[in-house]
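# Descriptive analysis of the structure
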Amino acid sequence: MNMKLDQIIAERAHKVIYRDGDRCIKVFDKNFSKADVINEALNQARIESTGINCPGIQEITTIDGKWAIVYDFIEGKTLAQLMQEEPEKMDEYLELLVDLQIDMHKHKCPLLNKLKDKMNRKISEADLDATTRYDLHTRLEGMPKHHKVCHGDFNPSNIIISPDGTPFIIDWSHATQGNASADVARTYLLFWLYGEIETAKKYLELFCKKSDTAIQYVQKWMPIVAASQSVKGNAHEREFLLSWASVVDYE
């Protein structure tokens, strides 16, 4: 299949995303793990089968020795773009974000990796002392076991709103099945990482109100999620997340 890679729509660490007509082509760096590429494609295919609105996957291929995944191109703007362009509609957009996440958590996808397994593995790899790691493993074990679809990187830049107003959730590379509150803690920490602390608080309050979840319950997940996220990312992010991971209880 002939592919034109001249229209870049996004650049991320270790990958570049191009548009070619009705196709979106995500090209990974030469040294990117083959297993991770195939896992991302597999996650996406599994999510497609749940009925959640997401881009369809067309093929996995290699381009000039680099792995690539070809998706349906979704026309529209990301929710992050809309929030920036229309700050007066921020509350409305935040509500949409929360509604989409609550709806996503209603789905099941039994073949996805388990969130608990992934987090246990990441805590073991985290740059934390043995006492803190032990405490986090113990806390994780004590958390209720659920099997809800969790995105793992649910934030406004991973939601595309098409011209007719249909929302699509993209980038399922971190998808797992597990406890929804861990997914919420991740979104909360992402807002913090972007320096949007007020939005983080608003988001958490709105989610907890709409889903009838205790804020303290989501907060219990914060150190666990922060520790497991600290394994990747740049030095600044690592330092920030490790500071959260080391605080075992929140007021």
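Here the structure is shown first, and the text comes after it.
Fair warning: this is a prediction, and the values are worked out from it, not measured in the lab.

### A few points about the sheet that holds strand β8 (residues 159–161)
- The three strands are arranged β6-β8-β9 in an open sheet whose pairing can be described as antiparallel. Edge positions in the sheet fall to β6 (77–78) and β9 (167–169), since each has one partner strand and no second.
- The pairing of β8 with β9 spans three bridges and is antiparallel. Bridge pairing in β9 links I159 to I169.

### Remarks on the layout of surface pockets
- Empty space within the largest pocket amounts to approximately 1,300 Å³.
- Taken together, 43 residues line the largest pocket, and the ones lying closest to its centre are K15, S173, H174, Q229 and K232.
- Counting residues per element, the ones that place at least two in the lining of the largest pocket are α1 (34–48), α4 (115–125), α6 (180–193), α8 (215–229) and α9 (235–246).
- If one sorts the elements of the lining of the largest pocket by residue count, α4 sits on top with six residues.
- Residue classes in the lining of the largest pocket are distributed as 13 nonpolar, 15 polar and 15 charged.
- What the second largest pocket holds in volume is close to 530 Å³.
- Every residue lining the second largest pocket is counted, 25 residues in all, and those nearest its centre are I9, I17, C24, I160 and I170.

### Brief notes about α6
- Here α6 spans 20 Å end to end across 14 residues, near enough to the 20 Å set by a 1.5 Å rise per residue.
- Where burial is concerned, most of α6 is hidden: 13 out of the 14 residues are buried.
- G195, located one to two residues past α6, shows a positive phi value of around 80°.

### Notes on the packing of aromatic side chains
- Scanning the entire structure with this criterion turns up eight aromatic pairs.
- Measuring from centroid to centroid gives 5.2 Å for W192 and W244, while their planes differ by 80°, and the two rings are edge-to-face. Of this pair, W192 sits in helix α6 while W244 sits in helix α9, placing them 52 residues apart in sequence.
- Its relative accessible area of 24% is what places W192 among the partly exposed residues.
- On the basis of relative accessibility, which here comes to 12%, the residue W244 falls in the buried class.
- The structure contains a cluster of three or more aromatic residues connected by ring pairs, namely Y188, W192, F240 and W244.

About the cut-offs
- Each chain carries its own residue numbering, running from 1 in the written order of its sequence.
- Two thresholds apply to this predicted model, a pLDDT of at least 70 for residue-level local features and 80 or more for giving and counting side-chain atom pairs, whereas whole-chain, interface and lining totals are computed over all residues.
- Computation of side-chain values covers all heavy atoms of the structure but excludes hydrogens and water.
- Between any two strands, pairing holds if DSSP finds at least two bridges.
- A run of DSSP states H or I qualifies as a helix once it reaches four residues; a run of E qualifies as a strand once it reaches two. Both are numbered from the N-terminal end.
- A cavity here means a set of points on a 1 Å grid, drawn over the protein atoms and nothing else, where a 1.4 Å probe fits but cannot get out; a pocket is an open set with protein on both sides within 12 Å along at least five of seven lines, and a residue lines either one if it has an atom within 4 Å of a point.
- Grid points are joined across faces, edges and corners, and a volume is the space filled by probe spheres set on the points.
- Note on residue categories: nonpolar means Ala, Val, Leu, Ile, Met, Phe, Trp, Tyr, Cys or Pro, charged means Asp, Glu, Lys or Arg, and polar means any other residue, Gly included.
- Expected span of a helix, by definition, is 1.5 Å for each gap between consecutive residues, and there is one gap fewer than residues.
- Only protein chains enter the calculation, and the probe is 1.4 Å; a residue is then buried if its accessible area is under 20% of its type maximum, exposed if over 50%, and partly exposed in between.
- Stacked, edge-to-face and tilted are the three classes for Phe, Tyr and Trp ring pairs, Trp counted by its six-membered ring, which pair at centre distances within 6.5 Å; planes under 30 degrees apart are stacked, over 60 edge-to-face, the rest tilted.

None of the figures reported here should be taken as evidence of function without further support.
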